[in-house]
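In case you want the letters, here they are:
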Amino acid sequence: GGGYIVGFEGSSTIAKFENIVFENNGGGTGNTLFRGLGPDKTFYVNSVIRNNSAENNSGIGNATIHGCLIYGNTGSNNSSPVISSKVYSTTITGNSGGVSSNAWTNGGATNSQITNSIIYGNSPKDLYYYSNSPYSGVTYSTITNGYSGTGNISSDPQFNNSGAQNYGLSSSSP
């Protein structure tokens, strides 16, 4: 399948996607498969975004993301499965692809505000910010190689069994 855009520019539509699995979309083409109208109008809650592929941004853009699991997404130019969003209590892991020589290529989040989340094990990197990004900052989160900000750590989150897509945390998780 393909991706979708929620609402129309200038619309007062508010959309909430809760407890939904978004998988196997994009077919390796396109840009930002699940694009919202802004973090105040589009919400993804307790959902799974997995195994999607696009040329650029193989996941969610321009939305608020809360309690989601985002993994296994790929991109031929830039996989970044989260872009221009506000992210809370979400795990973004095991996403990859893109042209690693491009500074902006990452498998985690681009231009997003991250709070209390795990962004770990994405390739070629976890985070990227363009200058003057409207959303930025990382707090109380686990990032593969660390990131400046209050309460951030770089410790292995110790997933139960990531090889079997069990991204729950083990009892010894930091």
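Residues numbered from 1 in each chain as written. Predicted model: local features only at pLDDT ≥ 70, side-chain atom pairs only at ≥ 80, totals over all residues. Heavy atoms only, no water.

Novice: I keep staring at the overall build of the protein and nothing clicks. Help me out?
Specialist: Summing up its helical and strand segments, the protein has zero helices and 23 strands in all. Taking 16 Å as the expected radius of gyration for a compact globule of 174 residues, we find that the protein reaches 15 Å, a close match to that expectation. Here the C-alpha coordinates of the protein stretch approximately 45 × 35 × 30 Å along the principal axes. When each of the 174 residues of the protein is scored for burial, the buried share is 45%. (Helix = DSSP H or I, 4+ residues; strand = E, 2+ residues; numbered from the N terminus. Rg over C-alpha atoms; globule rule 2.2 N^0.38 Å. Buried < 20%, exposed > 50% of the residue type's maximum accessible area, 1.4 Å probe, protein only.)

Novice: Just checking my understanding: could you explain the nonpolar core for this structure?
Specialist: Note on soluble globular proteins: their nonpolar side chains tend to be buried together. With 23 residues, the main nonpolar core has Tyr44, Ile114 and Leu127 as its most contacted residues. In contact with Leu127, not counting residues within four places along its chain, are Asn106, Ala109, Ile114, Ile119, Val138, Ile143 and Tyr147. (Core = buried A, V, L, I, M, F, W, Y, C linked by side-chain atoms within 4.5 Å. Contact = heavy atoms within 4.5 Å.)

Novice: In this structure, what is going on with unusual backbone geometry? I would like to understand it.
Specialist: The bulk of non-glycine residues show a negative phi, and the bulk of peptide bonds are trans. Across the junction of Ser123 and Pro124, the peptide omega takes the value 5 degrees, indicating a cis bond. Locating Pro124 in the fold gives a position in the loop between β18 (118-120) and β19 (127-128).

Novice: How do you make sense of the packing of aromatic side chains when you look at a structure like this?
Specialist: The description of an aromatic ring pair uses the distance of the two centres, along with the angle that the planes make with each other. Applying the stated criterion to the full structure yields eight aromatic pairs. Aromatic pair Phe17 and Phe22: ring centres 6.0 Å apart, planes at 75 degrees, arrangement edge-to-face. Both residues of the pair, Phe17 and Phe22, belong to the buried class. A connected cluster of aromatic rings, assembled from ring pairs, spans Phe17, Phe22, Phe34 and Tyr44. (Phe/Tyr/Trp six-rings, centres within 6.5 Å; stacked < 30°, edge-to-face > 60°.)

Novice: Help me understand the side chain of Ser112 in this model?
Specialist: Mapping Ser112 onto the fold places it in the loop between β16 (109-110) and β17 (113-115). Among the polar contacts made by the side chain of Ser112, one reaches the main-chain amide nitrogen of Ser84 at a distance of 3.3 Å. A polar contact is formed between the side chain of Ser112 and the backbone oxygen of Thr110, at a distance of 3.0 Å. Setting aside residues up to four positions removed in sequence, Ser112 forms contacts with Val82, Ile83, Ser84, Ser85, Val87, Tyr129, Tyr135, Ser136 and Gly137. (Polar contact = N/O pair within 3.5 Å; in protein donor to acceptor, adjacent residues only side chain to side chain.)

Novice: Can you help me understand the pattern of salt bridges in this one?
Specialist: Opposite charge on two side chains lets them pair, provided their charged atoms get close. Tallied over the entire structure, the rule returns two salt bridges. We note a salt bridge from Glu18 to Lys16, for which the minimum N-O separation is 3.3 Å. Note on Glu18: relative accessible area 37%, which makes it partly exposed. Given a relative accessible area of 54%, Lys16 falls into the exposed group. When the shortest N-O distance is used, the salt bridge between Arg50 and Glu23 registers 2.6 Å. On the criterion of sequence distance, the pair formed by Arg50 in strand β6 (residues 48-50) and Glu23 in strand β3 (residues 21-23) is long-range, its members being 27 residues apart. (Salt bridge = Lys/Arg side-chain N within 4 Å of Asp/Glu carboxyl O.)

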